[in-house]
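Working through the structure, step by step
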Amino acid sequence: MKSIQLLSGIALLVLGFTSCKDEKQEKAQKTVDSYVAYVDSVKNVAAEDLKADWKSVDAEYDKRAQEAELALADLKDKTAATEKVNASKIKYEEFKNEMTAVFAPPPAPSPKQQLRNALFGEGKIGDDMSFSWVNAQNIHSVYQQFVHTVENNKDSYSREDWDEIKLLYEALDSRKNTVEKEGLTAEDNRKIAGLKIKFAPMYTVNRMGAKSEENRDAKK
């Protein structure tokens, strides 16, 4: 009788141990699957949404990745799970590199582009020097911004800046010849003429001054 009871007790212990072991493995597998699912879910989120909370997303990834690594030790068949974890690691690192490039601030525009942006507006004039956006309705305001910006900053321009300003001014004048045929009003034409009269001597005097200053600096 005692032998039967002893065997029954051993059987219960074995079952309990097996049950605990199975439960541990099941929990470990869920941890691995949760990690894999997290990586896949992050990749499906829009970049702009991720950008606002990227630190939290990345911190959560690190936490889940560590948990998944620890969980591998509790799995009987580690091969398949390890492959899944490693594949998700590679997938996330590639995605993280993509997001780093997306989130990085754009490179600062060159000094020449900064000058163009100041004279005409952000990105209005690029390397193609196209003035197609200038028309009979807005050309007066374009001239106005150009001349007033030059006037306000004339003391800070270098000789190279003045050469670029002259190039842009001539391109704007060329565009004016085109839009005059598109319904440029007499009033706007008169105002533009006044701005041109203001610009010409300002350019000549200050460009000469910048050249003289450059020569003095070269002799030091």
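Let me sum up the structure you'll find in this document. (Residues numbered from 1 in each chain as written. Predicted model: local features only at pLDDT ≥ 70, side-chain atom pairs only at ≥ 80, totals over all residues. Heavy atoms only, no water.)

Attention now moves to the side chain of Asp58. With respect to the helices, strands and loops of the structure, Asp58 is situated in helix H3 (residues 54–72). In this structure Asp58 comes out as buried when scored by relative accessible area, which is 13%. In this structure the side chain of Asp58 is engaged in a polar contact, spanning 2.6 Å, whose partner is the side chain of Tyr92. When sequence neighbours within four positions are dropped, the list of residues in contact with Asp58 reads Tyr92 and Lys96. (Helix = DSSP H or I, 4+ residues; strand = E, 2+ residues; numbered from the N terminus. Buried < 20%, exposed > 50% of the residue type's maximum accessible area, 1.4 Å probe, protein only. Polar contact = N/O pair within 3.5 Å; in protein donor to acceptor, adjacent residues only side chain to side chain. Contact = heavy atoms within 4.5 Å.)

Any two side chains of opposite charge can pair, so long as their charged atoms come close to each other. In this structure the tally under the stated criterion is 19 salt bridges. Asp163 is the salt-bridge partner of Arg207, the closest N and O atoms lying 2.9 Å from each other. Placement of the pair is Arg207 in helix H8 (residues 186–219) and Asp163 in helix H7 (residues 159–179), with a sequence separation of 44 residues. What makes Arg207 partly exposed here is its relative accessible area of 22%. Judged by relative accessible area, Asp163 falls into the partly exposed class, the value being 30%. In this structure, Lys166 engages Glu170 in a salt bridge whose closest nitrogen and oxygen atoms are separated by 3.4 Å. Of this pair, Lys166 and Glu170 both sit in helix H7, separated by four residues, roughly a single helical turn. According to the relative accessible area criterion, Glu170 is partly exposed, its value standing at 42%. (Salt bridge = Lys/Arg side-chain N within 4 Å of Asp/Glu carboxyl O.)

A separate point is the packing of aromatic side chains. Describing an aromatic ring pair means giving the distance of the ring centres and the angle of the ring planes. All told, the structure shown has 13 aromatic pairs when counted by the stated rule. Consider the rings of Phe120 and Phe146, whose centres lie 5.4 Å apart with planes at 35°: the pair is tilted. Taken together, the residues Phe120 in helix H5 (residues 111–120) and Phe146 in helix H6 (residues 139–153) connect sequence positions 26 residues apart. Here Phe120 falls in the buried class, since its relative accessible area comes to 4%. According to the relative accessible area criterion, Phe146 is buried, its value standing at 0%. (Phe/Tyr/Trp six-rings, centres within 6.5 Å; stacked < 30°, edge-to-face > 60°.)

Turning our attention to the packing of H6 against H7. Viewed as axis vectors pointing N to C, H6 and H7 meet at an angle of 165°, and their least axial separation amounts to 11 Å. Considering their axes alone, H6 and H7 lie roughly antiparallel with respect to each other. Helix-helix and strand crossings are classified by hand; for H6 and H7 the assignment is left-handed. Note on element contacts: H7 touches H6 through Trp162, Ile165, Leu168, Tyr169, Leu172, Asp173, Lys176 and Val179, opposite Ile139, Val142, Tyr143, Phe146 and Val150. (Axes fitted to C-alpha atoms, helices over the stretch in contact; angles between N-to-C directions. Parallel < 35°, antiparallel > 145°, perpendicular 65-115°, else oblique. Left-handed = near helix turned anticlockwise from the far one by under 90°.)

If you check the backbone angles, Met129 has positive phi at about 55° while not being a glycine. Tracing the sequence through the fold places Met129 in the loop between H5 and H6. A residue is classified by how much of its surface remains accessible, and Met129, at 22% relative accessible area, is partly exposed.

Two numbers describe a pair of packed helices, the interaxial angle and the distance between the axes. Following both chains from N to C, one finds H5 and H7 inclined at 45°, their axes separated by 11 Å at the closest point. Here H5 lies oblique to H7, going by the angle between them. In the crossing of H5 with H7, the sense of the turn from one axis to the other is right-handed. Side by side, H5 and H7 meet where Lys112, Leu115, Arg116, Leu119 and Phe120 of the first sit next to Asp161, Glu164, Ile165, Leu168 and Leu172 of the second.

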